[in-house]
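# Report on the structure
Take a look at the letters that make up each chain.
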Amino acid sequence: MKAGSGDQGSPPCFLRFPRPVRVVSGAEAELKCVVLGEPPPTVVWEKGGQQLAASERLSFPEDGAEHGLLLSGALPTDAGVYVCRARNAAGEAYAAAAVTVLEPPAPEPEPEPEPPRSAEHPPPPPGTGEGAPVFLTGPRSQWVLRGAEVVLTCQVGGLPEPTLYWEKDGMALDEVWDSSHFALEPGRAAAAAGGPGVCLALRIPAARLPDSGVYVCHARNAHGHAQAGALLQVHQPPETPPDDPDEPPGPVVEPLKCAPKTFWVNEGKHAKFRCYVMGKPEPEIEWHWEGRPLLPDRRRLMYRDRDGGFVLKVLYCQAKDRGLYVCAARNSAGQTLSAVQLHVKEPRLRFSRPLQDVEGREHGIAVLECKVPNSRIPTAWFREDQRLLPCRKYEQIEEGTVRRLIIHRLKADDDGVYLCEMRGRVRTVANVTVKGPIVKRLPRKLDVLEGENAVLLVETQEAGVEGCWSRDGEELPATCQSSCGHMHALVLPGVTREDAGEVTFSLGNSRTTTLLRVKCIKHNPPGPPVLVEMFKGHKNTVLLTWKPPEPPPETSFIYRLERQEVGSEDWIQCFSIEKAGAVEVPGDCVPSEGDYRFRVCTVSEHGRSPHVVFNGSAHLVPTARLVKGLEDVQVYNGEDAVFSLDLSTIIQGTWFLNGEELPSNEQEGQVEPGALRYRMEQKGLQHRLVLQAVKHQDSGALVGFSCPGVQDSAALTIQENPVHILSPQDKVSLTFMTSERVVLTCELSRVDFPATWYKDGQKVEENESLVVKVDGRKHRLILPAASVQDSGEFECRTEGVSAFFVITVQEPLVHIVDPREHVFVHAITSECVMLTCEVDREDAPVCWYKDGQEVEESDFMVLEKEGTRHRLVLPTTQPSDGGEFQCVAGEERAYFTVTITDVSSWIVYPSGKVYVAAVRLERVVLTCELCRPWAEVRWTKDGEEVVESPALLLEKEDTIRRLVLPAVQLEDSGEYLCEIDDESASFTVTVTESYQSQDSSNNNPELCVLLKKPKTRRLWSRFPPWRRTAGTE
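Residues numbered from 1 in each chain as written. Predicted model: local features only at pLDDT ≥ 70, side-chain atom pairs only at ≥ 80, totals over all residues. Heavy atoms only, no water.

## Focus on the sheet that holds strand β77 (residues 847–850)
- Read from one edge to the other, the open sheet built from five strands follows the order β75-β82-β81-β77-β78, with strand pairing classed as mixed. Each edge of the sheet is formed by a strand with only one pairing partner; in this case those strands are β75 (823–828) and β78 (853–854).
- Alignment of β75 against strand β82 (residues 892–901), held across six bridges, turns out to be parallel. The partner of I828 across the bridge, within β82, is T901. (Pairing = 2+ DSSP bridges. Helix = DSSP H or I, 4+ residues; strand = E, 2+ residues; numbered from the N terminus.)

What follows is the structure in structure tokens.
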């Protein structure tokens, strides 16, 4: 769908984000992403907030919507986070990925020559020293036919000697099989393989189909644990043809004894069949379709889910997939069947010609083609669930009803299922097979739960070749790789989140990649404690008891106890303990006196249980101790005296003044009428007593504080002020204009006594714009030329006393000199319009507004300033430039209304061809009216420009242009044109010796005489023809 003229388009959107890359120093690193937007966005790459530029080592390849960053010869300094930022007119988006540059492995130093060891002291073999288990030889993956013998062996070193045991698919062997089905053969590796350590062989005499799976050998000793795995796949032997070729083949499965279930699926959707079978020995499972055995392929997946069910999944169902699907299970005890009839519901709108399966060679091309019923039907291409966008890799062509996809530069990972989709999710499906060294590629992605085994399989065309497995550019260890014939397996037992990444199998120039994702296992949190009780038998303590949760958690856990003061909504943790039983909570555990409730929960590495609240509440009082005591206070006469102390807990206390208790229910008061005033404060753990404006007679007063467990006191001393302020006595407020001289004067009682000036609490520093002077008792602060930034509170501070000045500095008022009235400006398109506003000061700030929005200078709106004149210039006006303009200076405004007219024609009159008939010697006037008075015209006669003379006059008056023939002659007959730009007005003049009579047969009724058109009054600004201006100029 195309956007209309008013549509802003769509902002950038990332369809594929760049992935983190890990490379070895000196190698090549590449980041790729796919981003769409309308209009197509501009893409830049950034690192550390700086935009990157192309260089010899750095390039930015683009392929349609795919954008990349290619870094050659990566260095450790190139490591970091790279940001891809996409921007268009509709918005912006970004995505980031990290590039990690690893140091190459240091070359092993050449060993220094050592004296040859004697035969009695050979070098110690690996794995023989003290330490955790080390796999010297891991099990190898195997592909066998049913009934074949399988032997999996491993060799492990380490001291103390490790204990070995085997698992199949995460389960112990005796949980999977009877003891008669397998045998474990322990032994010394030295005896079995001629090496150190121990070994444990797993032998299966006759393999069955259910024996397929992942086998992991675990080794454990006091120093740690190690594991290694291998894949075993057991296949059905190929069926032997019948002796008589004409004999029809027998039924593969027994006939059904009851009607099968029915299952409907829409064409293009997936169908999933699940069969859960139990039996001992474990049954073998086979899937059949219409009586024929099914083998897994691109669209038929067969696997076993985590619950033990056998699953057949048919992807993107087509009409040819309908039929009877049977799950057959058999063991030595018998056979059972389960069947379902699949029906595929076809859509009403179908492809005229569906896709067909195609093959292509690696590095070649593959072409998929189909036909839609109507050429206007839009389509989209997909590879499995990933939509394909047009680019050089995926060329998409539409020719009428034909839809064609061309895949260039085929790779092994291009092998798969491709879809073409119409509206309504109507699809046609085809397989693309890529012929090359790799026959069976890796899946697009593999999701594995943490702790499970991850298995990746690749099949190659040639047997016995050696490929390379890597993850995020790093080669994987050989102990997890196995090869047998055409098959290559990577087994990662017990995966962790560190195993996640992009896993690649490489064979020469061919490679296949999968994204391994490791998901965390969700564990259930532990259960809550039970039988919780509260006992309040002791004074100022509470006893809490509970029992462990049932059933007890599998992992280690603790109990968390929390408290809540009655009336509050907050729960606060008291402490954590490991064992259940009885806990005594004393009053010292609470911050302040009050009634408290308690609750308890169980916490483990898997989460927290619900809280269990103890019934009732307990009143607890904390025991206080002195953290910071009272100190004697010395102040000047008239100042406030502050006594404070800090306690260890929040508790109420009592203040005393000269032995008299101060009422605790009154925060402020007087000891007696007319005597000392006080104020009591408590903030958390701190208590304060403020004695306000103390006098000389209060000197020697004794202040005390008392609460349970704490008593403290201090004395008050009044000092004589060494100096006092004579003027000003009160705070002074002053207002000045900018550039005025400001002088602040503070007069003290003593001559040359030191004082310090402060502004807004900060000590001032002298400079050219701020001068401090002392003249006897007077201290002055001078601002030679005040500015707006000098506004604030100034303080002259000396010993115990201060004088305050509040200074306000304002800009002088600004006045607009011209224009004083509303100005209206009319112009036509492409004209230059200038709006001028004159103020009374050159430094006055001026702002321009259009339709209420402040004007930002651009190529279409130019702001100029010349002395006191400010101009807004519209160089080339358009109709959209019209509107209400304001010039704002201080509190005053000048208003301009600009109207832009889109002129389609310069010539107003005449609108058609004019015929003029005249008699020789008559006066003839040809008149042309224009839309603008300053427009210039060109007069021609019979194609040649006329020259002004006494016999031919050219006149111009306002918007009127005239050609005058004072005494017309016969040779003046002809066609006259008044031309301007690409327009012209035509006049045909016919001159005769005399007028013909009206009854003459040669009379032409179309001829007329026009001497002059009545002039229309128009008012225009008297300014140059290239601009329209308003205001003073």
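## A few points about the confidence of the model for the chain
- Of all residues in the chain, 89% have pLDDT values of 70 or greater, and the mean over the chain is 82.
- Counted against residues more than four places away or in other chains, residues 1–7, with its pLDDT under 50, gives zero contacts. (pLDDT = per-residue confidence, 0-100. Contact = heavy atoms within 4.5 Å.)

## Quick notes on the pattern of salt bridges
- On inspection of all chains with the given rule, the structure shows 51 salt bridges.
- We note a salt bridge from D414 to R383, for which the minimum N-O separation is 3.6 Å. Within this pair, whereas D414 is found in the loop between β34 (402–407) and β35 (416–422), its partner R383 is found in strand β31 (residues 380–383), the two being separated by 31 residues in sequence.
- Given the relative accessible area of 12%, R383 is considered buried.
- Here E866 ties to R871 by a salt bridge, and the two come within 3.1 Å at their closest N and O atoms.
- Put simply, E46, R85, R87 and E92 are held in one network by salt bridges that share partners. (Salt bridge = Lys/Arg side-chain N within 4 Å of Asp/Glu carboxyl O. Buried < 20%, exposed > 50% of the residue type's maximum accessible area, 1.4 Å probe, protein only.)

## A few points about the environment of A206
- Within the secondary structure, A206 sits in the loop between β18 (198–204) and β19 (213–221).
- On the accessibility criterion, A206 (38% relative accessible area) is partly exposed.
- Separated by 60 residues in sequence, A206 and R146 have C-alpha atoms that sit 7.2 Å apart.

## Points about the pairing of β35
- Of all seven residues in β35, seven are buried; the element is thus mostly enclosed.
- Strand direction decides the pairing type here: β31 and β35, joined by four bridges, are antiparallel. Along β35, the bridge assignment pairs A380 with E421.
- One ladder, built from seven bridges, connects β35 with strand β36 (residues 426–435); its direction is antiparallel. Of the residues in β36, the one forming a bridge with C420 is T428.

## Some thoughts on the pairing of strand β30 (residues 366–371)
- Of the two faces of β30, the one holding A366, L368 and C370 is buried and the one holding V367, E369 and K371 is not buried anywhere.
- Two elements, β30 and β34, share six bridges in a ladder whose sense is antiparallel. Among the inter-strand pairings, V367 is bridged to a residue of β34, identified as I406.

## Overview of the sheet that holds strand β58 (residues 654–657)
- With mixed pairing, five strands are arranged side by side in an open sheet as β56-β64-β63-β58-β59. Of all the strands in the sheet, just β56 (633–636) and β59 (660–661) have a single pairing partner and so form its edges.
- Two elements, β58 and strand β63 (residues 702–707), share four bridges in a ladder whose sense is antiparallel. Looking across to β63, one finds that L657 is bridged to V703.

## Overview of the side chain of R403
- Relative to the elements of secondary structure, R403 occurs in strand β34.
- With a relative accessible area of 1%, R403 lands in the buried category.
- Polar contacts involving the side chain of R403 include one to the main-chain carbonyl oxygen of S375, which spans 3.0 Å.
- At 2.9 Å, the side chain of R403 and the backbone oxygen of I377 are in polar contact. (Polar contact = N/O pair within 3.5 Å; in protein donor to acceptor, adjacent residues only side chain to side chain.)

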